Amino acid sequence: MLVGDGLLEQFGARVRQHLRCKMCAIVTDDKVGRLFSEPVQENLRLAGFQPKLITIPAGEKSKTLEQAGAICDQMIDAGLDRHSFVIGLGGGVIGDISGFVAAIYHRGIPHVQIPTTLLAMVDSSIGGKTGVNTRDGKNLIGAIHHPSLVIDDIDVLKTLPPREFNQGFGEIIKHAVIADAKMFRTLQGWGAADAAALQRLIRRNIEIKAKIVARDEREQTGERALLNFGHTVGHAIERAGDFNECLHGEALSLGIVAACAISIKKARLTPDQRDAVVELLQRFKLPTRLPPNFPREKIFNALKFDKKFEGGKVRFVVTPRIGAAHLTNDVTLDDIRAAIAQL
């Protein structure tokens, strides 16, 4: 994984250091593609690759089995075989679906990621989780397929609208709450950061997630599940809003607030630490209250489709203090309902 500026200008040469095959598919969306697909293709051609550009509609609704199949069909038509590779050029949706395609095409070919959002750089591009959504929930069909190379060029973040940039801090704050009290304090004093500070922050988040993933790659021990802090309610909010009402980082922010409320009851988190988390989320313009007319009952109904429910029991991540977290089966659906009602 490479983090720096000006990396897209070296992209073809960097890929050549890792992969010798010639043919590749670039999977992107219609928004990101307008900005970056031409220079990426040209850079690949100069390095001796033969790229095939595949563009899909932007947004969570493109993350389906049908869309993955359509991408595979285009790759077959272009003559890509098991010696080819897939490049995901975009945010989390593109990373998930391009990685899923790489995992299933010819039973698995290499995957290269170029995350174009802060959220993807600090979260979804790390750990090898790929997948698509179904009618009943997010990422219910997928595979673990680690990328061969990830290029985090922070120059691309300059193209993001403030709201899109800020949602990345939902995952960053989550990492601080579950694993790094020092980073939490750094974020409390965060100002208009320069490129070097942003690179350090991205690298630290990569370290946190990679370390947790390495201890439990396939979620067998419960260690990796710590990364789901805030996601039980967050994913339900996304689904209740039909993936249109809020961005992932914004839904996660609300899920973190709910998880902190539950942590006060179930893990002895102090109210002042809960307040500190809420204030930090607000500092980065992330929501901490639902709109008054949001369908809260739909949030609760969406919970049953969450992968973190096993045998009807809730595997919920709580925090006893900033910088630590653990799994518990002591959280009831009534606890979650009460936390949602407070949002």
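Just so it is clear, the model here is predicted, and its values are computed rather than measured.

### Examining the overall build of the chain
The secondary structure content of the chain amounts to 13 helices and 12 strands. Its C-alpha atoms give the chain a radius of gyration of 20 Å, near enough to 20 Å, the size a compact globule of 343 residues would have. Considering only C-alpha atoms, the chain reaches an extent of 60 × 40 × 40 Å along its principal axes. Sequence-distant contacts, at least 24 apart, represent 77% of the contacts inside the chain between residues at least 6 apart. Surface summary for the chain: the accessible area is close to 14,800 Å², and the carbon and sulfur share equals 49%. Of the charged side chains in the chain, 45 are positive and 39 negative; the average position of the first set lies 3 Å away from that of the second.

### A short note on the pairing of strand β4 (residues 85-90)
Summarising burial for β4: six of the six residues are buried, a large majority. Pairing geometry for strand β2 (residues 23-29) and β4, over five bridges, is parallel. The residue of β4 that forms the bridge with Cys 24 is Phe 85. Looking at chain direction, β4 and strand β5 (residues 111-115) are connected through five bridges and run parallel.

### Some thoughts on helix α8 (residues 195-215)
An ideal rise of 1.5 Å per residue puts 30 Å on 21 residues; α8 measures up with 31 Å between its terminal C-alpha atoms. For α8, the full list of buried residues reads Ala 197, Leu 198, Gln 199, Leu 201, Ile 202, Asn 205, Ile 206, Ile 208, Lys 209, Ile 212 and Val 213. Its buried side turned inward, α8 meets β1 (2-4), α5 (118-124), β8 (149-153), α6 (162-179) and α7 (181-188).

### Structural notes on unusual backbone geometry
A positive phi angle, near 55 degrees, is found at Asn 139, a position not held by glycine. Backbone geometry places Lys 285, a non-glycine residue, at a positive phi of 60 degrees. Summarising the element assignment, Lys 285 is placed in the loop between α11 (271-283) and α12 (296-302).

### What about the side chain of Asn 205?
Examined against the element boundaries, Asn 205 turns out to sit in helix α8. You can call Asn 205 buried: its relative accessible area is 0%. Those residues within four positions of Asn 205 in sequence are excluded, and the remaining contacts are Val 122, Glu 171, Ile 172, His 175 and Met 183.

### Side note on the environment of Ala 251
In this fold, Ala 251 is placed in helix α10 (residues 248-266). In contact with Ala 251, other than residues within four places in its own chain, are Gly 234, Ile 237, Glu 238 and Cys 246.

What counts, and at which threshold
- Residues numbered from 1 in each chain as written.
- Predicted model: local features only at pLDDT ≥ 70, side-chain atom pairs only at ≥ 80, totals over all residues.
- Heavy atoms only, no water.
- Helix = DSSP H or I, 4+ residues; strand = E, 2+ residues; numbered from the N terminus.
- Rg over C-alpha atoms; globule rule 2.2 N^0.38 Å.
- Contact = heavy atoms within 4.5 Å.
- Areas by Shrake-Rupley, 256 points an atom, 1.4 Å probe, with all protein chains shown as cover.
- Lys, Arg positive; Asp, Glu negative; His and termini not counted.
- Charge placed at Lys NZ, Arg CZ, Asp CG, Glu CD.
- Buried < 20%, exposed > 50% of the residue type's maximum accessible area, 1.4 Å probe, protein only.
- Pairing = 2+ DSSP bridges.
- Expected span 1.5 Å × (residues − 1).

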